[in-house]
2 protein chains.
Amino acid sequence: MGKKISLKQEVLGIAAQAQEAYRGSFGLTAGKKNRVLARMAGALLKEKNAILRANRKDIAKAKAAKMPAAFLDRLSLDEKRIRGMADSLSALMRLPDPAGTLIKSWRRPNGLMIRKVRVPIGVVAIIYESRPNVTADCIGLCFKSGNAVILRGGSEALHSNLSIYSALKGVLAGEGLAPGLIQMVPSVDRKAVDELLKLDAYIDVVIPRGGESLIRKVVSLSRIPVIKHYKGICHVYVDAEADLNMAENICFNAKVQRPGVCNAMETMLVHKDAAARFLPGMIKKFTDAHVQIRGCPITRKISKGAVKAATQEDYRTEYLALILSVKVVGDITEAIGHINRYGSHHSDAIVTDGDLQAQRFLREVDSACVYVNASTRFTDGYEFGMGAEIGISTDKLHARGPMALEELTSYKYEVRGNGQVRR
Amino acid sequence: MGKKISLKQEVLGIAAQAQEAYRGSFGLTAGKKNRVLARMAGALLKEKNAILRANRKDIAKAKAAKMPAAFLDRLSLDEKRIRGMADSLSALMRLPDPAGTLIKSWRRPNGLMIRKVRVPIGVVAIIYESRPNVTADCIGLCFKSGNAVILRGGSEALHSNLSIYSALKGVLAGEGLAPGLIQMVPSVDRKAVDELLKLDAYIDVVIPRGGESLIRKVVSLSRIPVIKHYKGICHVYVDAEADLNMAENICFNAKVQRPGVCNAMETMLVHKDAAARFLPGMIKKFTDAHVQIRGCPITRKISKGAVKAATQEDYRTEYLALILSVKVVGDITEAIGHINRYGSHHSDAIVTDGDLQAQRFLREVDSACVYVNASTRFTDGYEFGMGAEIGISTDKLHARGPMALEELTSYKYEVRGNGQVRR
């Protein structure tokens with residue numbers, strides 16, 4: 001053992017190695033990447049006993065800390081979940097490699113030929129919480145798209161993450177690839193994250209995945225660009241010209257099918273001309289499904305006082321639970337205004353048979369994904385046909401909405417001339 | 001006069017008005033935008049005396065502070081420069097409006113129709129120094145692309161910027177548009193910038209334009225995503241298989257044609273097999289043009305000690321002047337390694353007749369713009385055929401290289417269904 005190095009130096013070393021490995025990897029072909037992904041999938045299965053042993057350590061610690069059942073479920077691995085991770089890596093083999101593809105090309109009057117070509121972003125840092133499968137997914141997505149990746153998982157899953165990471169990183173050496181392409185910050189010291197977020201000279205982008213407080217912390221500390229969403233306060237607006245059966249199905253699905261996720265509905269808006277016909281049946285259906293309603297005064301009147309009153313704070317809250325705010329609006333302008341003011345610019349839907357209303361809603365709702373006559377629950381890389389997902393962005397820069405391989409690329413301009421100089 | 005509001009409240013008010021104006025502007029057609037641009041061009045000409053009066057105040061202050069001649073030149077306006085600003089606004093009318101255009105669309109097996117559509121980013125803040133024409137250019141580019149803009153110019157050009165801003169903003173009211181679409185932070189207090197950079201709830205992106213210290217300050221303070229380039233340390237690599245006449249023309253152009261700009265060459269790399277044939281003539285040509293050379297040991301030997309020695313620090317320096325580092329390299333691998341290590345990932349060129357070397361250079365040099373057999377001086381929105389330029393990015397996220405109207409857009413997903421819910 002050499003002399004003890006500081007945390008700062010350790011994190012710097014990890015980032016510098018990642019960048020060096022990235023710069024050395026430009027010659028990687030799609031065929032080679034796919035062979036490595038196949039070996040990674042195999043490595044997970046081969047190492048499954050070691051991974052399960054490591055996971056049991058994390059579970060024991062979480063149980064001792066009396067963490068809730070949902071937390072333990074997210075943290076737990078079993079053979080089936082490990083097979084799921086391996087399948088995801090294999091699935092990446094079938095997706096096209098975005099790096100190197102031509103976006104557009106044109107010739108200038110002076111003869112210069114300009115090609116705008118997709119390239120990997122470079123070094124991607126992922127800061128995440130609890131679910132160990134994120135480790136394998138992010139390694140696979142970053143590797144396939146040609147990026148080096150630096151992972152920093154939560155301390156609650158440390159042993160699980162390290163064992164998955166070791167299995168996958170082990171494949172690199174056997175394929176003659178630089179180990180720096182896949183990096184993990186092994187320290188549970190929170191200062192390691194602070195140091196990592198200063199290294200804008202080595203890391204090109206940070207993607208935080210987890211609760212809002214984690215993401216706010218990353219944004220406030222980072223000198224590196226961050227792609228993120230804080231939360232999903234998603235709306236369904238039931239228009240006066242809606243098919244009310246369709247509206248009931250969509251609203252029920254958006255709220256109840258999986259309430260703990262960012263694309264679930266948190267507020268339902270109803271046009272005043274539809275409220276009396278729509279709300280009584282809809283509220284009964286929600287109540288039967290144990291959804292607690294918090295309503296505006298008109299909603300409460302229609303429900304004969306059977307629902308609690310909604311506050312301004314309710315309209316800004318991501319419940320992630322079987323709770324729903326309901327508000328009756330005077331017209332589509334009020335609905336759009338409410339969504340842009342109280343929402344999180346994630347996913348919002350209108351149910352209507354009116355073309356004009358649909359067009360206005362699509363244009364004026366300032367969100368990543370805007371739906372006409374469909375559930376907000378479709379905001380997802382798999383559901384959009386991207387084959388995978390590294391996260392969802394409510395930012396407007398670089399990537400917005402579901403992100404997968406293409407969103408892990410940048411571009412460069414390749415310019416060919418025959419001696420052109422500037423006059 | 002009401003009660004005095006704090007700087008913090010003033011800046012918050014400016015940003016909130018910009019966002020509200022942006023959200024109210026989704027119905028703006030391309031025709032309407034172009035009519036407004038025409039009136040803006042007219043307003044500059046109509047107000048030219050007021051603008052020149054304001055500019056004289058800034059010039060008097062700069063002269064009193066004994067600012068250098070180049071500074072005074074950048075700051076100065078005359079009738080011709082005002083006409084140039086008006087012409088730039090008129091030129092924007094002829095460029096296509098990127099907002100609302102379809103990027104791609106596809107149908108999912110469940111019948112959902114997904115359209116990925118360009119939209120304005122939202123609220124764009126520009127923090128810039130000295131040249132007053134930036135005020136008109138940025139207002140025009142942001143307006144044409146459908147964004148609200150918040151300008152914060154340098155104190156040295158305060159009067160000039162305010163007069164240009166007033167003339168252009170005055171057009172909005174006459175066209176029934178919200179005045180918040182074009183905003184300026186009128187305070188010269190530096191704390192105003194600090195406050196502005198905290199407002200990530202209202203501002204979507206910050207583009208700093210100016211010296212490296214300004215840009216570093218913005219990046220270190222901002223909670224809002226920043227698109228930027230710190231500097232341009234651009235290289236030309238003369239390969240062993242280069243046409244040496246072409247190489248001489250390109251290198252001379254890249255260094256001498258306009259040495260004070262970010263796409264000028266700062267370091268020339270020469271393959272060892274070309275050095276003895278190429279360097280003596282090239283160095284004489286540079287020396288005749290008053291370029292001071294700082295060379296590696298081989299360069300110094302070839303020039304018989306007539307040039308100064310280059311240090312490691314020289315290879316990391318953006319001279320922005322008639323100074324050039326010259327280094328002889330053993331092969332293309334060393335050239336690419338040098339560029340990726342010491343460069344600023346802006347613009348780099350190879351001169352070669354060898355296809356393999358050209359391909360390797362294009363692929364492995366990790367820069368926004370990579371050239372084969374052309375001068376680095378072409379990295380520019382106009383030269384690339386974009387018709388305008390709001391800046392150049394060496395970032396890899398969102399926009400890389402020259403940025404114009406399309407780079408001032410984001411996208412959203414518009415999804416149409418007929419009742420689809422998630423299973």
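What you are looking at is a predicted structure, and each value in this text was computed from that prediction instead of being measured.

Residues and elements named next belong to chain B. Between its first and last C-alpha atoms helix H11 (residues 272–288) spans 24 Å; for 17 residues at 1.5 Å apiece the expected length is 24 Å, and the two agree. Along H11, the largest kink reaches about 50 degrees and is centred on Phe278; proline Pro280 follows within four residues of it. When H11 is considered as a whole, its buried residues turn out to be Ala275, Phe278, Leu279, Met282, Ile283 and Phe286. Where the residues of H11 are buried, they touch strand S7 (234–238), helix H10 (244–256), strand S8 (265–271), strand S9 (292–295), helix H12 (297–302) and strand S11 (323–329).

Let's shift gears to the domain arrangement of chain A. Interfaces are often sized by the accessible area lost when the parts come together. Residues and elements named next belong to chain A. Looking at the assigned domains, one finds that chain A contains domain 1 (7–228 + 401–415) and domain 2 (234–383). Computed from C-alpha atoms alone, the centre-to-centre distance between domain 1 and domain 2 is 35 Å. Counting residues at the interface gives four residues for domain 1, matched by five residues for domain 2. Taken together, the residues that form the side of domain 1 that touches domain 2 break down as three nonpolar, one polar and no charged.

Moving on to the pairing of strand S3 (residues 123–128) of chain A. Residues and elements named next belong to chain A. Where burial is concerned, most of S3 is hidden: six out of the six residues are buried. Across the two faces of S3 the burial is the same, with Val123, Ala125 and Ile127 and Val124, Ile126 and Tyr128 all buried. Across five bridges, S3 lies against strand S4 (residues 148–152) in parallel orientation. Counterpart to Ile126 in the pairing with S4 is Leu151. In this fold, the crossover linking S3 to S4 by way of helix H6 (residues 133–144) has right-handed handedness. Both S3 and strand S6 (residues 205–209) contribute to a ladder of five bridges, which runs parallel. Bridging from a neighbouring strand, Ala125 pairs with Val206 of S6.

Glancing now at helix H7 (residues 158–174) of chain B. Counted at 1.5 Å a residue, the expected span for H7(B) with its 17 residues is 24 Å, and the 25 Å between its end C-alpha atoms agrees. Where H7(B) is buried, its residues meet helix H2 (30–46), helix H3 (48–64), helix H6 (133–144), strand S4 (148–152) and strand S5 (182–184) of chain B.

Analysis parameters
- Residues numbered from 1 in each chain as written.
- Chains lettered and ligands numbered in written order.
- Predicted model: local features only at pLDDT ≥ 70, side-chain atom pairs only at ≥ 80, totals over all residues.
- Helix = DSSP H or I, 4+ residues; strand = E, 2+ residues; numbered from the N terminus.
- Expected span 1.5 Å × (residues − 1).
- Bend = angle between axes of the 7 residues up to and from the residue.
- Buried ≥ 20, exposed ≤ 12 C-beta atoms within 10 Å, placed from the backbone.
- Contact = placed C-beta atoms within 7 Å.
- Domains from an automatic or database assignment.
- Nonpolar A, V, L, I, M, F, W, Y, C, P; charged D, E, K, R; others polar.
- Pairing = 2+ DSSP bridges.
- Right-handed = clockwise from strand over helix to strand, strands pointing away.

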